[in-house]
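# Structure assessment
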Amino acid sequence: MADRSTGVPGDEPPPEPRPAQAGERERAAAGLTSIWETVHRGARDMGIKRGLRALLAVNQKDGYDCPSCAWPDPDGERKTAEFCENGAKAVASEAMTTRADPDFFARHAIADLLRESDLWMDRQGRLTHPMLRHRGATHYQPIAWEDAFALIGRELNGLASADEAAFYTSGRASNEAAFLYGLFARQFGTNNLPDCSNMCHESSGLGLNETIGIGKATVKIEDFSYADSIFVIGQNPGTCHPRMLTELQKAARNGCKIVSVNPLPETGMIRFKNPQEPLSLLGPGTEIACLFLPVRVNGDVALLKGIMKEMLAADRASGGGLLAHDFIAHQTEGFEAMVADLDAESWDRIVADSGVSRELIRQAAGIALGSERMICTWAMGITQHRNGVANVQSIVNFALMRGQIGRRGAGLCPVRGHSNVQGDRTVGIWEKMSDAFLDALGKEFAFQPPRRHGHDTVRTIQAMRQGQVKVFVGLGGNFLSASPDTHVTSEAMARCRLTVQIATKLNRGHLITGEQALLLPCLGRTEIDRQASGEQFVTVEDTTGVVHASRGSLEPVSDQLRSEPAIVAGIAAVALGKRSTVAWQALIDDYDRIREHIEHVVPGFVQYNRRVREPGGFYLPNPAREGAFTTPSKRARFTVHPIPERSLKPGQLLLTTLRSHDQFNTTIYGEDDRYRGIYGGRRVIFLNAQDMEAMGIAQDQPVDLVSHFQGERRRAARFRAVPYAIPRGCAAAYYPETNVLVPVTAVAAGSNQPVSKSIVITLETPETGGDTGRAA
Ligand code: SF4
């Protein structure tokens, strides 16, 4: 049986988690194992015929968008197999033929389901019927769609204020579903629209908007082929966006210098065996990163300051010939203040706090100075810190020094985690959309959208816990497991009068419910969406701002399924009744009508219906990509940020959470992480071998992880200690198991993003509860 995860009351981990490190780390990402995993899982979950059909359509111009990450598809020709192993796992998981039908829910009480692992839940298959948990009931029971909508309508209309409802969106929702959802929430009267972006790239959005005028990537996929260097910072593409390795491989072969900045040396950044190249499968693979900077957890500001300080010194020594002084003078502001700050920073502090030697910092600066065109990419290793916004803006500073934005082969690229998380935000899923958007929405549908800012994810949890939000609707996702502070979040969910989850598959978030709970099954990306005017497609936006169509081709697993737009419209029509100015059913009959409204409301969607039908779709406008900065001063901004204080006490470590290779966000596909040599278990903590020795911890020894924040302690019990190449004073472990350690009030300054990548912990022995000893 799989190890169970902690995270909800009563869900204790097994007394003795099995030893988890049973093998070697794979030396190169992808390769033959990846092909085997794809074939084996596809055949096992979907059958050969359905599996082939599903996989050959994924990421094709006339197919459907991979439901996993937001990495872009090639602009030009596409290969027959345009997906990675993890995309195949996501497709197999969605398109599996096993079903969690009403009989399944009759056999399993909710309390019993809660004791099962996340992996077990995913293996139970697709939801097939709308299900209701009555007040006080032990089981979910079937309910008719119209009755479910009527129940939601009654509960919403019984609230004292529209702000007592919250409408969460996961990044899988299409533009069409998300636009209708935001419209419904605002016609209902609230901006309480928390989303998963609140938890992954909120710091990127804010950090970039303030400095370059747009909160998105400034590169196209083709830019990776022209770059002289690529800095991959706080990111693990081999697991989180595997097809990015194809671009990095092409770049490396072109002579591009790739620098990996991360606390752990990740296999995908070391070597890559491209499954599309049969001959390369037999060799050692392509070397990806030529330089690895083993930064301490949250040492990025210090490291970037060190690199920039070296660049500044070299520029001065050359008489000003190395930095982009013309660009800096005419297109930026704040350079002098940043230079003064760099001059005042001591090398001792930079080296100590970054954990990276002066020599490695020099080498990185040399690569940056030698690059005519440089790209910086990053992910949540940068954003999920108290100083997440400062981290992002330090990367902007680094790029601006040599004018590396707005030119071919150069730019900034925060890589989004879920396939349409960026598009959802573009079309209105945000608790504080601009007045311009709300004006346009109000004009288009002849109503007054509320102007009060709504709750983001963290504030929604707090409001539910305080009884201020009483109805929670989740458009996809696993709110419970994706959120910080799992016990607090479950307590908050349980206080609601009604929780509604729109989903394809069962997950833990469906089992911690309000007094009443609805589970509404929706079509997946892979499935045909039939409406009155015929088969529909939906649209999504990738991490580089390309909007394109996604058209499912498999028969739905149940005739009871409805599309996400249809479910949102069904709820809206019943809940709003005659109050609504929207012809909800007409929009569902033909999704072109939804896109026409998006075109009228959201800038950049001119001729949406025509352009999205062009193979590959179209790029949204991005002034920064063209070298124009839409900040108030029309200049890009250098900013000054102090190196974050490291206030660890003796015995404390800074924990970063991470994914295994058998995982996408909170969905667990298996219990192996072959890139880190972990097999058959997930309750492991990666520690520096010298720290283990200093603390007297042996390999495989069980330890409890205890987090410390403002005098509070949180515990995740019974993890196995694994020695690993990680800087001293740092530790790493998988989420969602460790989300229980992240306090809901520990957030990034400005963006309110949970700080899941820097949690102060100590290790305790499970038997005695005593400290295990002293770390560096
Ligand atoms: S890189 Fe991301 S979007 Fe592409 S196939 Fe893999 S998981 Fe899917």
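Everything in this summary refers to the structure shown in the same document. Residue positions are given per chain, counting from 1 as you read along its sequence in written order. In view of the model being predicted, local features appear only for residues whose pLDDT reaches at least 70, and side-chain atom pairs are presented and counted only at 80 or more, with totals across whole chains, interfaces and linings using the full set of residues. Note: side-chain values were computed over all heavy atoms of the structure, leaving out hydrogens and water.

Now for the site of the ligand. To be near a molecule or strand, a residue needs just one of its heavy atoms within 4 Å of it. The environment of the ligand is made up of Asn59, Cys66, Ser68, Cys69, Phe83, Cys84, Gly87, His241, Pro242 and Arg243. Tallied by class, residues from the shell around the ligand come to five nonpolar, four polar and one charged. Each residue gets one label: Ala, Val, Leu, Ile, Met, Phe, Trp, Tyr, Cys and Pro are nonpolar, Asp, Glu, Lys and Arg are charged, and the others, such as Gly, are polar.

In this section: the nonpolar core. If you look at the biggest cluster of nonpolar residues, it comprises 67 residues, and the most contacted ones within it are Leu156, Phe167, Phe184 and Leu518. In this description a helix means any DSSP run of H or I spanning at least four residues, a strand means any run of E spanning at least two, and both kinds are numbered starting from the N terminus. Ranked by residues supplied to this core, first place goes to helix α8 (residues 175–188) with nine residues. Note on definitions: a residue-residue contact is assigned when non-hydrogen atoms from the two residues lie within 4.5 Å. For Phe184, the residues in contact, after removing those within four places along its chain, are Leu156, Phe167, Ile571, Ala572, Ala575, Leu576 and Trp584. Grouped together as the second largest cluster of nonpolar side chains are 53 residues, Leu208, Ile233, Val295 and Val396 included. Working definition of a nonpolar core: buried Ala, Val, Leu, Ile, Met, Phe, Trp, Tyr and Cys residues. They are joined through side-chain atoms within 4.5 Å. Burial classes follow relative accessibility: with a 1.4 Å probe on protein chains only, a residue under 20% of its type's maximum area counts as buried, one over 50% as exposed, and anything between as partly exposed.

Attention shifts here to the sheet that holds strand β14 (residues 411–414). With parallel pairing, the five strands of this open sheet are ordered in space as β11-β8-β7-β13-β14. Sheet topology places β11 (291–293) and β14 at the edges, where each strand pairs with a single neighbour. Here the average twist between neighbouring strands, direction ignored, is 15 degrees. Judged from the five bridges that link them, strand β7 (residues 229–233) and strand β13 (residues 374–378) form a sheet pairing that is parallel. Following the sheet pairing, Phe231 is matched in β13 by Cys376. When DSSP finds two or more bridges between two strands, those strands count as paired. For every element, the axis is a line fit to its C-alpha atoms; helices are fit only across the contacting stretch, and the angle between N-to-C directions ranges from 0 to 180 degrees.

A few words now on empty space enclosed by the protein. Cavities and pockets are found on a 1 Å grid laid over the protein atoms alone: a cavity is a set of points where a 1.4 Å probe fits but cannot escape, a pocket is an open set with protein on both sides within 12 Å along at least five of seven lines, and a lining residue has an atom within 4 Å of such a point. Grid points are joined across faces, edges and corners, and a volume is the space filled by probe spheres set on the points. Inspection of every chain in the model, using the stated rule, returns ten cavities of 30 Å³ or more. For the largest cavity, the lining is made up of 43 residues, of which His418, Phe664, Asn665, Thr666 and Thr667 are closest to its centre. Partitioned by chemical class, the residues of the lining of the largest cavity number 18 nonpolar, 18 polar and seven charged. One number sums up the size of the second largest cavity: a volume of about 350 Å³. Forming the walls of the second largest cavity are 28 residues, and the residues nearest its centre are Gly234, Gln235, Gly381, Thr657 and Lys757. Mapped onto the lining of the second largest cavity, the elements with two or more residues apiece are α20 (380–383) and β24 (653–658). With three residues, the single largest contributor to the lining of the second largest cavity is β24. For the lining of the second largest cavity, the per-class residue count stands at ten nonpolar, twelve polar and six charged.

Across the ten residues that make up helix α13 (residues 244–253), a large majority, seven, are buried. Gly255 lies just past α13 and shows a positive phi near 95 degrees.

Bringing the sheet that holds strand β20 (residues 538–541) into the picture now. Spatially, the three strands line up as an open sheet ordered β20-β21-β22, and their pairing is antiparallel. In this open sheet, the two edge strands, each paired with only one partner strand, are β20 and β22 (618–619). Bridging between strand β21 (residues 546–550) and β22 involves two bridges; their strand directions are antiparallel. Residue pairing for β22: Val547 is matched across the bridge by Phe618. Set on the sheet, α8 makes contact with β20 and β21; between it and β20 the angle comes to about 90 degrees.

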